[in-house]
Each structure stands twice: as structure tokens, then as C-alpha cells.
Amino acid sequence: IVDDDPSIHRWLTRLLEVLGYVVMTAKDRRAAEVVLTAARIDAVILDLRLGDDSGLDVLDFVRSRADLAPLPVLMLTGSACMTETERNSIRRQGARLFHKPAAASEIHAALTRALDSVH
């Protein structure tokens, strides 16, 4: 989970751990890059806006690396005013977009489908 909002970290971590997932978190782009390169990750849940950073930079990082490129990525945003460029980048890079507050069942279903498709 890459999100700069501690309440989102707590909520998603609890949700995913109850469902049996091991969760790692990062609050910004640099921390995300460290986790992504140091640990075995199966999927990324990524906020579009990370304080001064953009989640799209993290998405670009994931897609630019052969070892990470196949990872399913779920993008979260609380912003009602996304640019067309942001929407196109998310779509072009194969990420699935959710608006906060997304339903837990919706995130779980999308994550399950994404993981089933890569395994």
C-alpha cells in the first residue's frame, strides 16, 4: 500500500490482513521504491496523490522494471478532478482506478481478480 494518509494505511492494512494478505506500506515515492525493490511484492495499491509526489511516478517506476512490470496495480484517488492525462496514463499502464472511499468488497474483488490473472 502506497499512500500518504495514515488512516488509509490503517484501513487497508486491516482489511487485507483479515483477508489473509501480508501487507507492506510506504508513504511516499522513495519509500515505495525501496519496498518494491527489496521485497517480493504480488500487487500494489497506490494513491494517485502522494503529498508532493505523484502516484503516477511510482506507477512509471513499476512499469519500467522488468521484475515489477507484471504486477497488478490498483490506483486510489480522492480527487474528483483528475486530468485526462492522468486518466490516460493509468489506463495505458494497465492500472485499475478506484475513487476513495472505495468499498472494501470492490477492492478485494479487484485484487483477487488481478492476482488470479497473474498466477
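Just so you know, these numbers come straight off a predicted model, no measurement behind them. (Residues numbered from 1 in each chain as written. Predicted model: local features only at pLDDT ≥ 70, side-chain atom pairs only at ≥ 80, totals over all residues. Heavy atoms only, no water.)

**Some remarks on the pattern of salt bridges**
Thinking step 1. The tally for this structure, following the rule as stated, stands at four salt bridges.
Thinking step 2. One salt bridge in this structure joins Arg-49 and Glu-86, with 3.0 Å as the shortest N-O distance. Of the two residues, Arg-49 sits in strand S2 (residues 49-50) while Glu-86 sits in helix H4 (residues 84-92), which places them 37 residues apart along the sequence.
Thinking step 3. A relative accessible area of 32% places Arg-49 in the partly exposed class.
Thinking step 4. In this structure, Asp-67 engages Arg-65 in a salt bridge whose closest nitrogen and oxygen atoms are separated by 3.0 Å.
Thinking step 5. The exposure class of Asp-67 is partly exposed, given its relative accessible area of 49%. (Salt bridge = Lys/Arg side-chain N within 4 Å of Asp/Glu carboxyl O. Helix = DSSP H or I, 4+ residues; strand = E, 2+ residues; numbered from the N terminus. Buried < 20%, exposed > 50% of the residue type's maximum accessible area, 1.4 Å probe, protein only.)

**Examining the nonpolar core**
Thinking step 1. Counting 22 residues, the largest nonpolar core has Leu-36, Val-44, Leu-46, Val-73 and Met-75 as its most contacted members.
Thinking step 2. When contributions to this core are tallied by element, the ones reaching two or more residues are helix H2 (29-38), strand S1 (44-47), helix H3 (55-64) and strand S4 (73-77).
Thinking step 3. The contact partners of Leu-36, leaving out residues within four places of it in the chain, are Ile-41, Val-44, Val-58, Phe-61, Val-62, Leu-68 and Leu-71.
Thinking step 4. Among the nonpolar cores identified, the runner-up in size contains 15 residues, and Leu-74, Ala-102, Ile-107 and Leu-111 belong to it. (Core = buried A, V, L, I, M, F, W, Y, C linked by side-chain atoms within 4.5 Å. Contact = heavy atoms within 4.5 Å.)

Remember, this is a structural readout, not a statement about activity or role.
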